[in-house]
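Notes for the structure review
Take a look at the letters that make up each chain.
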Amino acid sequence: MSNTGIRELETASLDLCDLLQQKLAEEHSRNPRETKRSALRLALISAIRDGVVRPGDRLPPEAEIAQRLSLAPGTVQSALGQLQDLGLIVRRRGDGTRVADGEPIGPNVWHFRFRVAATGKHFRVTSTRVEVLRTNETGVWSEHLGEGPYTVIRRRMSGDGINVGAEMYLPAGLINIDNIELSELEGVNVRTHLEALLGKRAQRLRTTVATMQLSLRDAAMFDLVPDTPVFFIQARTRLSDEKPLYHQNIYAPSDLLALEF
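Parameters at a glance
- Residues numbered from 1 in each chain as written.
- Predicted model: local features only at pLDDT ≥ 70, side-chain atom pairs only at ≥ 80, totals over all residues.
- Heavy atoms only, no water.
- Helix = DSSP H or I, 4+ residues; strand = E, 2+ residues; numbered from the N terminus.
- Rg over C-alpha atoms; globule rule 2.2 N^0.38 Å.
- Buried < 20%, exposed > 50% of the residue type's maximum accessible area, 1.4 Å probe, protein only.
- Contact = heavy atoms within 4.5 Å.
- Areas by Shrake-Rupley, 256 points an atom, 1.4 Å probe, with all protein chains shown as cover.
- Lys, Arg positive; Asp, Glu negative; His and termini not counted.
- Charge placed at Lys NZ, Arg CZ, Asp CG, Glu CD.
- Pairing = 2+ DSSP bridges.

Quick look at the overall build of the protein now. For the protein, the helix and strand inventory stands at 7 helices and 10 strands. Taken over C-alpha atoms, the radius of gyration comes to 19 Å for the protein, in line with the 18 Å a tight globule of 261 residues would show. Taken along its principal axes, the extent of the C-alpha atoms in the protein is 65 × 40 × 35 Å. The 261 residues of the protein split such that 48% are buried. Considering only contacts in the protein between residues 6 or more positions apart, those separated by 24 or more positions represent 65%. Of the roughly 13100 Å² of accessible surface on the protein, a fraction of 49% belongs to carbon and sulfur atoms. The protein carries 33 positive and 33 negative side-chain charges, and their two centres are separated by 4 Å.

Below you can see the structure in the form of structure tokens.
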């Protein structure tokens, strides 16, 4: 590589680290209790979403990110691992870390994955809004989880100009959700996050897919267009000790996304 090419790579790395430092400060100001891992993950997602780094671009080495941002190497590795779980980046020995573009489904992606119908590329979630609530309402989840109350993790996800909604029902006593910052649930594979919190592995139980039209209420809840067809996906898991972990409902526009198992 020429000296000019090396300087360009160094400049790009410097610019990205400077931007990440700024976004980390913004995240800390917005939520002082947020972990450094979560703040770095969200800062990187923001950089990908805003086009600062594009598919195929190489990120700075983990050691450089840690040094420049005054973070522990383990914090950087953990944040990058979560982005890899989401399919946003690809980490390969000898090639470093790159922003993903149409990568195959990884081992931590369960149930299904979407492709954008217009491009054929994998749908990438770059923005997530999360709310957590408790409910005694019974539904199809009750036959799997048993009697309530339940904890509901509701997410509104978007990327590639497309919105997707998800509701995950868990037994209320399974985890103390009050101690979890909502930002910890943004931009993560929630299943693997729950596994880490519980110290247990999840097992696939059943996934079903149908198509339907959303009610006005549900469409408004998930920022989807009413009276348009959506994939309605129900996914259930249990823990390695056979106790139920979650029942999840997912709503995705079937005219914009293709479903891949």
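What follows covers the pairing of strand E9 (residues 244–253). With respect to burial, E9 is a largely interior element, 9 of its 10 residues being buried. Of the strand pairs in this sheet, strand E6 (residues 162–171) and E9 are connected by 5 bridges, and their pairing is antiparallel. By the bridge assignment, Gly165 is partnered in E9 with Tyr251. Judged from the 9 bridges that link them, strand E8 (residues 229–239) and E9 form a sheet pairing that is antiparallel. Bridge pairing in E9 links Arg236 to His247.

These figures capture arrangement, not role.
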